[in-house]
Amino acid sequence: MDIHTKVHGFTLQRKTFIRETDSTAYLFTHEKSGARLFFLENDDDNKVFSIAFRTPPIDDTGVAHIVEHSVLCGSRKYPLKEPFVELVKGSLNTFLNAMTYPDKTMYPVASRNDKDFQNLMDVYLDAVFYPNMKRDPHILMQEGWHYEIGNADSPLTYSGVVYNEMKGALSSPDDILESRIMTSLYPDTTYGYESGGDPEAIPNLTQAMFASFHDRYYHPSNSYIYLYGDLDIEEKLAYLDAEYLSHFDRIPVPSHIKEQKPFAVMKRSRSSYPIGAEESVREKTFLSMNWIVGKSLDLKDMMGLEILEHAILRTQAAPLRKALLRAKIGKDVDSIFENDILQPFFSIIVNNTEENCVDAFCETVEKTLATLAEKGLDRTLMKASINLFEFRLREADFGSAPRGLVYAIRVMKSWLYDGDPEAPLYYEDALQQMKDGLETGYFEELIRRYLLDNTHRTLVVLRPDAELAVRREARQAEILANKKAAMSKAEIAAYVEETRALKTRQQTPDSEEALNTIPILSLKDIRRKAYDLPLEEREIDTVKVLLSNVETNGIAYVNLFFDAQTVPQDKLLYLYLLSDLIGSVDTEVRGYADVANQQNLVTGGIRFDLAGFSRKGKPDSLAPKFCVRMKVLTKKLSDGLALVEELLTKSRFTDEKRIRERIEQEATSIELSLQRSANQIIATRISSYFTRVGAYSSTGELPFYHFLKDFQANFAENHAKMQRIFAELLPLVFNRNNLLVGLTIDGKDYGAFEAPFEKLLSALSEEKFPAQMYTWDLAAKSEGLTSSSRVQYVGKGANFIRLGYEYSGSMLVLSTLLRYDYFWTKIRVQGGAYGAFTNFNRNGMLFFGSYRDPHLTQTIDVFNATGDYVRRFDATKREMDKFIIGTMSSLDAPMTPKMKGETAMGCYLHGVTFDDRQKTRDEVLATRQEDIRALAPLVDSCMQENALCVFGGEEKIHAARGVFDMVKPAL
Ligand SMILES: [Zn+2]
């Protein structure tokens, strides 16, 4: 296709080859409607489609976010309550979601199956252009907010999916801080608003505002359509033109993003965040200095700032981070460089400090930056950060996210602001400019221009407030009470009726006819045979090496699994501590900052962690491993393994200052990530009531936090004790008799691993130590963990193998069913929670959990009634096939080379064979209504164990005191 070619209503504007992504890029315009279309053509079969709109908010009502949810609640061709959920249940998608950003909304889908891909596209296009949300007010009520009142005498309350989602999202202090930073930097533009919605402001959104937001922005003239992968572009263009775009005429859309006028001097602002009424406010303040830094279209400087942020703030060698910690301004240092918006911002943050450190904070930042700009940045430090950045670009491993999706998000950095969509995909030239910049003072110039000499700057202080949550709840209760008091009897009756009508709508299943509009695949489209995950067993000097021979693009993924069963149980917390400290302290060869530089120069990262593995079918089994995981270019394997050897055998734990810093940082990071990891924590805790592997893992979570706090309270003595214990542990753990290697590499490069690995082996202890016995008192518990959270995470579970049942593939289908049918309806749609999850593990653990849930006991009731749902489960053949296909999409999720190796090794360590996976797959494919119903007694037995763990707000948990054996603060 040549430039200016006209095809199916589109004109090709530009065509270029992008070496970095091995793709040809095409930019089209749809003449009649004004839609833009960008196509990235390559041989990736994981195809991606996305349609995005520029949606700058003009208030804090979260309208962009609520519209994002709502367009997926039924449309012209697909008049169901939730076509999105119907799609999730029964498609082979590899990605299906929608995202609201501060200035855009994106609707991406991905699939490797052509028919599925086409179905997904059509449902999404119909949703964005012809949604039912404009006509049916119940949609805003459900997805956004509504007054809820069960009968005339009960109090009026607010409910709604986004309302509760944002209550949860804005519970974490770092999220609140980021929101306040943006308000401070962009007082006059769209970026000053909370695009997700502020729970206090969400109830200001009316149906009229809601519908007009859609009218204004959801037009092809304001759209950015993206296609990626191995697909027939002419066919897609013809379809887009005929089915959607040709029905619209080009219009001007007022979505231009205004720029914030620069400040002449730094502005200051203060604000507060809620903590628990029983928590101390000491050392819980956040200080941040923030700048608007240039334009996202200036891609070279954006890359420069990203590298600079890493070098001066993120690595353990980072000079500004070190200066702030050494000046004892806070417990940890954080940073933000946000460049997904037109005017990016840069923030330096200190947490767990006091407001009276503000002056010292400003001074240290200013002075350190000035010194760096004047005397120059350390070359090794800068080279190390550039090297790591380059490694990540070339590896392009985005985990489970399809590569085409990551590129879809990346092109918007330029395209949304009228730049060339393909520009952000190139990196070779810019990378070379970074390397050249080392010689020309480029990074020092960035510090001067964007930070030191930049007056568009704010200082934001965020303080803890133990009464804020209570005050806010009281204020809201008052607003609602006043609202109710001002209503006439008839008005109250109308709201009661509306609540009832909404509930009825939510409880009424979609008609057969409506359901049948959603296209689904046939079971015939599903592959029968499980994917092979080959592992070759080799041996180097009597140590077993599991080789995952896959094409890795010149990278080696080295996993050393040291059996940690030799560590006495009473030293387990110290082993967790060791895994945190190693790699970030001095060695006999160099200081900790040089250790960090060496890691970044030589590898793509080295990580240490403890993991417990259980054997399939054996709830009592536990194989604890100390894991060392390194990513490294094959050609640097020798240096990488030498560094690992140095860390394992020559680390020194004597530097008191450094150890204290690391322990404070670790404790702080557990505090800050508490809300985000709440669902993980409750799942592990429930597993710890029933399995040793759960008890082992759970020790590394909340008990480890208390250990760190106790450690700090009596530091000198504990530090001495720690050194004695580490001296005892090191030869026990880093011992060649304990070692199993998992290596993911191109088979032809295996030789590059052997010799340097033998050298590493020869440095490890050979002494033999006995395995230790671990015992825990396993018993079902019922715990309430309190915090300042405004939402709950409710978990319930048990071990079905202990109760006499066996694992089977039909459980995976039940998981899909619960997640997208029963729990979805009861907990999300009716309960207003963000979501609910299930898990069935081969070691027998069953887990049900809700996420960002306004309720507590009501959700437990839903869990308890699951057995009844399962017993009465009724589905047509079509429905059943749909759930099976939806289940298969998670079994067959595409994997990166790294994931292939990790999954294969995980199976090996859990004792899961190819035959086991094939058996499970066969069982999934053969699942019938009777197989689901047959799981009812299992679910009932599990629920009757009454093992419960809830993380949530103090008030809610205390109000439900009766359901717990024990209530205590989470931290
Ligand atoms: Zn949302």
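The preceding data block contains the structure.
The rules behind the values
Residues numbered from 1 in each chain as written. Predicted model: local features only at pLDDT ≥ 70, side-chain atom pairs only at ≥ 80, totals over all residues. Heavy atoms only, no water. Helix = DSSP H or I, 4+ residues; strand = E, 2+ residues; numbered from the N terminus. Rg over C-alpha atoms; globule rule 2.2 N^0.38 Å. Buried < 20%, exposed > 50% of the residue type's maximum accessible area, 1.4 Å probe, protein only. Donors = N, O, S within 2.8 Å, 3.2 Å for Na, K, Ca; no water. Tetrahedral: all angles 85-135°; square planar, octahedral: opposite > 155°, others 65-115°. Axes fitted to C-alpha atoms, helices over the stretch in contact; angles between N-to-C directions. Parallel < 35°, antiparallel > 145°, perpendicular 65-115°, else oblique. Left-handed = near helix turned anticlockwise from the far one by under 90°. Contact = heavy atoms within 4.5 Å. Nonpolar A, V, L, I, M, F, W, Y, C, P; charged D, E, K, R; others polar. Core = buried A, V, L, I, M, F, W, Y, C linked by side-chain atoms within 4.5 Å. Pairing = 2+ DSSP bridges. Salt bridge = Lys/Arg side-chain N within 4 Å of Asp/Glu carboxyl O. Expected span 1.5 Å × (residues − 1). Bend = angle between axes of the 7 residues up to and from the residue.

A. Seen up close, the overall build of the protein chain. Within the protein chain, the regular secondary structure consists of 35 helices and 28 strands. The C-alpha atoms of the protein chain give a radius of gyration of 28 Å, which matches the 30 Å a tight globule of 971 residues would have. Overall, the protein chain is about 80 × 70 × 60 Å in size when its C-alpha atoms are taken along their principal axes. Counting all 971 residues of the protein chain, 62% fall into the buried class.

B. Looking closely at the coordination of the zinc ion. Bound to the zinc ion on the protein side are His-65 (NE2), His-69 (NE2), Glu-165 (OE) and Glu-165 (OE), at distances that span 2.1 to 2.5 Å. Relative to the metal, the four donor atoms surrounding the zinc ion lie at angles of 55 to 150°, and the coordination shape comes out irregular. Taken in sequence order, the residues that donate to the zinc ion follow the motif H-x3-H-x95-E. Taken together, the residues His-65 and His-69, both in helix α1 (residues 63-71) and four residues apart, mark about one turn of the helix. Residue class for His-69 comes out buried when judged on its relative accessible area of 8%.

C. Examining the packing of helix α2 (residues 83-90) against helix α27 (residues 810-829) more closely. Running from N to C, α2 and α27 point in directions that differ by 160°, and their axes come no closer than 9 Å. Regarding the angle of α2 to α27, the classification is roughly antiparallel. In terms of crossing hand, the pair formed by α2 and α27 is left-handed. The residues of α27 that touch α2, namely those facing Val-85, Val-88 and Lys-89, are Thr-816, Tyr-820, Asp-821 and Trp-824. Class assignment of the residues belonging to the contact of α2 with α27 gives a composition of four nonpolar, one polar and two charged.

D. Structural context of the nonpolar core. Core analysis: the largest hydrophobic core is formed by 78 residues, its most contacted members being Phe-28, Phe-49, Tyr-107, Leu-227 and Leu-240. Residues within four places of Leu-227 in sequence aside, it is in contact with Leu-37, Phe-38, Phe-39, Leu-40, Val-48, Phe-49, Phe-117, Met-121, Ile-233, Lys-236 and Leu-240. Formed by 69 residues, the second largest nonpolar core is a distinct cluster that contains Val-794, Met-845, Phe-847 and Leu-948.

E. Just the pairing of strand β5 (residues 47-54), in detail. Along β5, eight of the eight residues are buried, which leaves the element largely enclosed by surrounding structure. Of the two faces of β5, both are covered, the one formed by Lys-47, Phe-49, Ile-51 and Phe-53 as well as the one formed by Val-48, Ser-50, Ala-52 and Arg-54. As paired elements, β5 and strand β11 (residues 223-229) share six bridges and run antiparallel to each other. Counted as the bridge partner of Ala-52 is Tyr-224 from β11.

F. Quick peek at the sheet that holds strand β15 (residues 345-353). The mixed open sheet is built from five strands, whose spatial order is β12-β16-β13-β15-β14. Each end of this open sheet is capped by a strand with a single partner; those strands are β12 (267-274) and β14 (332-338). Strand-to-strand twist in this sheet, taken as the mean axis angle between neighbours without regard to direction, amounts to 20°. As paired strands, strand β13 (residues 285-292) and β15 are joined by seven bridges and run antiparallel to one another. Bridge assignment links Thr-285 to a residue of β15, and that residue is Thr-353. Running at roughly 40° to β13, helix α11 (residues 358-375) makes contact with β12, β13, β15 and β16 (457-465) of the sheet.

G. Representation of the sheet that holds strand β23 (residues 782-787). The six strands are arranged β25-β26-β24-β27-β23-β28 in an open sheet whose pairing can be described as mixed. A strand with exactly one partner marks an edge of an open sheet, and here the two such strands are β25 (835-840) and β28 (966-969). With direction set aside, neighbouring strand axes in the sheet form an average angle of 15°. As paired elements, β25 and strand β26 (residues 845-851) share six bridges and run antiparallel to each other. Along β26, the bridge assignment pairs Ala-836 with Ser-850.

H. Summary view of the packing of α27 against helix α30 (residues 877-891). Closest axis-to-axis distance for the α27/α30 pair is 9 Å, and the angle between their directions is 105°. Judged by the angle between their axes, α27 and α30 are roughly perpendicular. For the pair α27 and α30, contact is made by Leu-812, Val-813, Thr-816, Leu-817 and Asp-821 and by Met-880, Phe-883, Gly-886, Thr-887 and Leu-891, respectively. A breakdown of the residues in the contact of α27 with α30 according to their chemical character gives six nonpolar, three polar and one charged.

I. Main features of the pattern of salt bridges. With the rule as written, the count across this model stands at 68 salt bridges. Residue Asp-175 is joined to Arg-676 by a salt bridge in which the shortest nitrogen-to-oxygen separation is 3.6 Å. Here the residue Asp-175 occupies a position in helix α6 (residues 173-185), and Arg-676 occupies one in helix α22 (residues 656-690), the gap between them amounting to 501 residues. Judged by its relative accessible area of 28%, Asp-175 is partly exposed. On the accessibility criterion, Arg-676 (42% relative accessible area) is partly exposed. In this structure, Lys-331 and Glu-664 form a salt bridge, with 3.9 Å as the shortest nitrogen-oxygen distance. Placement of the pair is Lys-331 in the loop between α10 (319-326) and β14 and Glu-664 in helix α22, with a sequence separation of 333 residues. Accessibility classification places Lys-331 together with Glu-664 in one group, the buried group. Look at the salt bridges and you will find they share partners, linking Glu-86, Lys-89, Asp-821, Glu-879 and Lys-882 into a network.

J. Layout of the environment of Leu-814. Along the chain, the position of Leu-814 falls in helix α27. In this structure Leu-814 comes out as buried when scored by relative accessible area, which is 0%. Note: C-alpha distance between Leu-814 and Cys-942 (128 residues apart in sequence) is 15 Å. Not counting residues up to four positions away in its chain, the partners in contact with Leu-814 are Phe-840, Val-870, Ile-932, Leu-935 and Val-939.

K. Expanded view of helix α26 (residues 750-762). Between its first and last C-alpha, α26 extends 19 Å over 13 residues, near the 18 Å set by a 1.5 Å rise per residue. The set of residues buried in α26 consists of Tyr-750, Phe-753, Pro-756, Phe-757, Leu-760 and Leu-761. Close packing links the buried residues of α26 with β17 (536-540), β18 (543-549), β19 (555-563), α21 (637-650) and β22 (739-745).

L. Representation of α27 in the model. In α27, a bend of some 60° at Phe-823 exceeds every other bend along the element. Counting buried residues in α27 gives 16 out of 20 residues, a clear majority hidden from the surface.

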